[in-house]
Amino acid sequence: MASAAFPNISKIKFEGATSRNPLAFKHYNAEELVEGKSMKEHLRFSVVYWHTFRGRGLDPFGAPTMIRPWDDGTESVKNAVRRVRVAFEFIEKLGAPYYAFHDRDVAPEGKNLTETNKNLDVVVKALKEEQKRTGIKLLWGTASLFGNPRYAHGASTSPNADVFAFACAQVKKALEVTNELGGEGYVFWGGREGYQTLLNTNVKRELDHLAAFLRMAVDYKKKIGFKGQFYIEPKPKEPTKHQYDSDAAACLNFLREYGLINDLKLNLETNHATLAGHTMEHELEIAAAAGALGSIDANTGDVMLGWDTDQFPTDIYLTTQCMLAILKAGGLTTGGVNFDAKVRRESYDPIDLFYAHIGGMDAFARGLKTAAAIRKDGRLAEFVKERYSSWDSGIGAKIEAGKSSFKELEAYMLKKGDSSPSPSGRQEFLENLINEFI
Ligand code: XUL
Ligand code: CO
């Protein structure tokens, strides 16, 4: 490749927990086996193009702070292609096996859709070359249906049918490109699919349109033979006051209502869960219960701030909870741990991108090892199993098998007089048990 963007950084290595090298992994040891599978296969780490290679530290109060030496500041295709080389140098040195992007992160828009698609084709060629050179794969692709002003009122839920049509054309191309790059998935995040005020909104029509859009995407996926997994990414608000895909339960309900439940799984994001007033653990459990746990956007919010700060995950409790839920659900199959996270506006040196990702990967590796140790110990699972043991035989088993009735249960209770006592929930005992492993 041409001159390196990170000439002083070599491939990040695992040095173990006692290392004090900030450019080394202390816990992520790619080939180390956990529950019989390598850490690399369990975690399937992915770097996002948007925050890591397009984020510039802009906020509503101030100008960009991140001046990247490889970026000439133009929206040219040449600059976009140069950025691809830098992105792959970074991901390769980091040792993440995957990346993810929106169409508009990688290539600039042109004067019209034809020119925009042509720009994308040029950059996709470079992405393909770099994937081949490095072996790095595309976890998922997606389309930005929120950045361009045409999407101010939403994309598939726009009151303007032409905007809906444009969004479909854009997603058609994004699906083709994701397929061409061997993407293992495709994400639909609702962007601006929601409302700012109900005074101007026909909710029923907008939901019907969102479903029609997803149905056409499913049809086109089949038509082009794209084998990747489709995901829907819940988020309750921001940029709109209310997003239709507000949390895992709302998404699952929507998918069931419109007959799409077998076509999409969920891509859950920690900071979106907390914006919805849930923990990430909750969202993972709700998705897993419906067999729809697909992938995760790994980040974290700030407990003192109410918005989507998209920080890198460093909290071992959080990563342990995530990995407990993921391992219980059978692991990430098509999905991955995708760092939809950005360095702070004040962390403007390119090297901060390394520190951030290394920290996130180590935090998840620790979460994985801790979760595996809790599972090996077995007391947590045993406690939960025991708590439900009244359902394993007798009247409980009969109810679960759908073989009982109100009449029978009344007779059962009239005979017994009262229910048997329920044992303690032992929350504090269980919290202490988790702490034994952290
Ligand atoms: C926005 C967000 C998106 C999706 C992909 O909050 O998380 O970047 O992950 O569109
Ligand atoms: Co996300």
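Just so it is clear, the structure is predicted and the values come from calculations on it, not from any experiment.

(A) Layout of the overall build of the chain. Of the regular secondary structure elements, the chain holds 16 helices and 14 strands. By the compact-globule yardstick of 22 Å for 438 residues, the chain fits well, its C-alpha radius of gyration being 24 Å. Viewed in the frame of its principal axes, the chain has a C-alpha envelope of about 80 × 60 × 45 Å. Summed over its atoms, the accessible surface of the chain is roughly 21300 Å², and 54% of this surface lies on carbon and sulfur atoms.

(B) Summary view of unusual backbone geometry. Put simply, glutamate 238 and proline 239 share a cis peptide bond, and its omega is 10 degrees. Along the chain, proline 239 falls in the loop between β10 (229–233) and β11 (242–243). Backbone geometry at arginine 44 places phi at a positive 45 degrees, although glycine is not the residue there. Within the secondary structure, arginine 44 is located in the loop between α1 (39–43) and β5 (45–48). Relative accessible area serves as the criterion here: at 11%, arginine 44 is assigned to the buried category.

(C) A look at the site of ligand 1. Every residue lining ligand 1 is accounted for by Trp50, His102, Trp140, Trp189, Glu233, Lys235, Glu269, His272, Asp297, Asp308 and Asp340. Here an oxygen atom of ligand 1 sits 2.9 Å away from a polar atom, N or O, in the side chain of histidine 272. A distance of 2.8 Å separates an oxygen atom of ligand 1 from a polar side-chain atom of aspartate 340. Burial of ligand 1 by the protein amounts to 93% of the accessible area it has alone, namely 290 Å².

(D) Inspection of a negative patch on the surface at higher detail. On the surface, Glu382, Glu386, Asp392 and Glu400 cluster together to form a negatively charged patch. Looking at where glutamate 382 falls in the secondary structure, it is placed in helix α13 (residues 379–387).

(E) Structural detail: the pairing of strand β7 (residues 137–142). The element β7 is extensively covered by neighbouring structure, given that five of its six residues are classed as buried. Strand direction decides the pairing type here: strand β6 (residues 98–102) and β7, joined by five bridges, are parallel. Bridging from a neighbouring strand, alanine 100 pairs with tryptophan 140 of β7.

(F) How the structure looks around the nonpolar core. Ranked by internal contacts, the top residues of the largest apolar core, which has 107 residues, are Leu43, Tyr99, Leu127, Leu266 and Phe364. Top element by residues in this core is helix α12 (residues 350–377). It accounts for eleven residues. In this structure leucine 43 touches Tyr28, Met323, Leu332, Gly336, Val337, Phe364, Ala365 and Leu368, once residues within four positions along its chain are discounted.

(G) The pattern of salt bridges, seen in detail. All chains considered together, the criterion is met by 25 salt bridges. A salt bridge links arginine 104 to aspartate 103, with the shortest nitrogen-to-oxygen separation between them at 3.3 Å. The two residues arginine 104 and aspartate 103 agree in class, both being buried. Salt-bridge contacts for glutamate 238 lead to lysine 235; the nearest nitrogen and oxygen are separated by 3.0 Å.

(H) Main features of the coordination of the cobalt ion (ligand 2). Protein-derived ligands of the cobalt ion (ligand 2) are Glu233 (OE), Glu269 (OE), Asp297 (OD) and Asp340 (OD), with the metal-ligand distances lying across 1.9 to 2.2 Å. For the cobalt ion (ligand 2), the six donor atoms in the first shell make angles of 78 to 173 degrees at the metal, a pattern classed as octahedral. Given the relative accessible area of 0%, aspartate 297 is considered buried.

Calculation rules
Residues numbered from 1 in each chain as written. Chains lettered and ligands numbered in written order. Predicted model: local features only at pLDDT ≥ 70, side-chain atom pairs only at ≥ 80, totals over all residues. Heavy atoms only, no water. Helix = DSSP H or I, 4+ residues; strand = E, 2+ residues; numbered from the N terminus. Rg over C-alpha atoms; globule rule 2.2 N^0.38 Å. Areas by Shrake-Rupley, 256 points an atom, 1.4 Å probe, with all protein chains shown as cover. Buried < 20%, exposed > 50% of the residue type's maximum accessible area, 1.4 Å probe, protein only. Near = heavy atom within 4 Å. Polar contact = N/O pair within 3.5 Å; in protein donor to acceptor, adjacent residues only side chain to side chain. Patch = residues over 30% accessible without salt bridge, like charges linked within 9 Å, V, L, I, M, F, W, Y side chains within 5 Å. Salt bridge = Lys/Arg side-chain N within 4 Å of Asp/Glu carboxyl O. Lys, Arg positive; Asp, Glu negative; His and termini not counted. Charge placed at Lys NZ, Arg CZ, Asp CG, Glu CD. Pairing = 2+ DSSP bridges. Core = buried A, V, L, I, M, F, W, Y, C linked by side-chain atoms within 4.5 Å. Contact = heavy atoms within 4.5 Å. Donors = N, O, S within 2.8 Å, 3.2 Å for Na, K, Ca; no water. Tetrahedral: all angles 85-135°; square planar, octahedral: opposite > 155°, others 65-115°.

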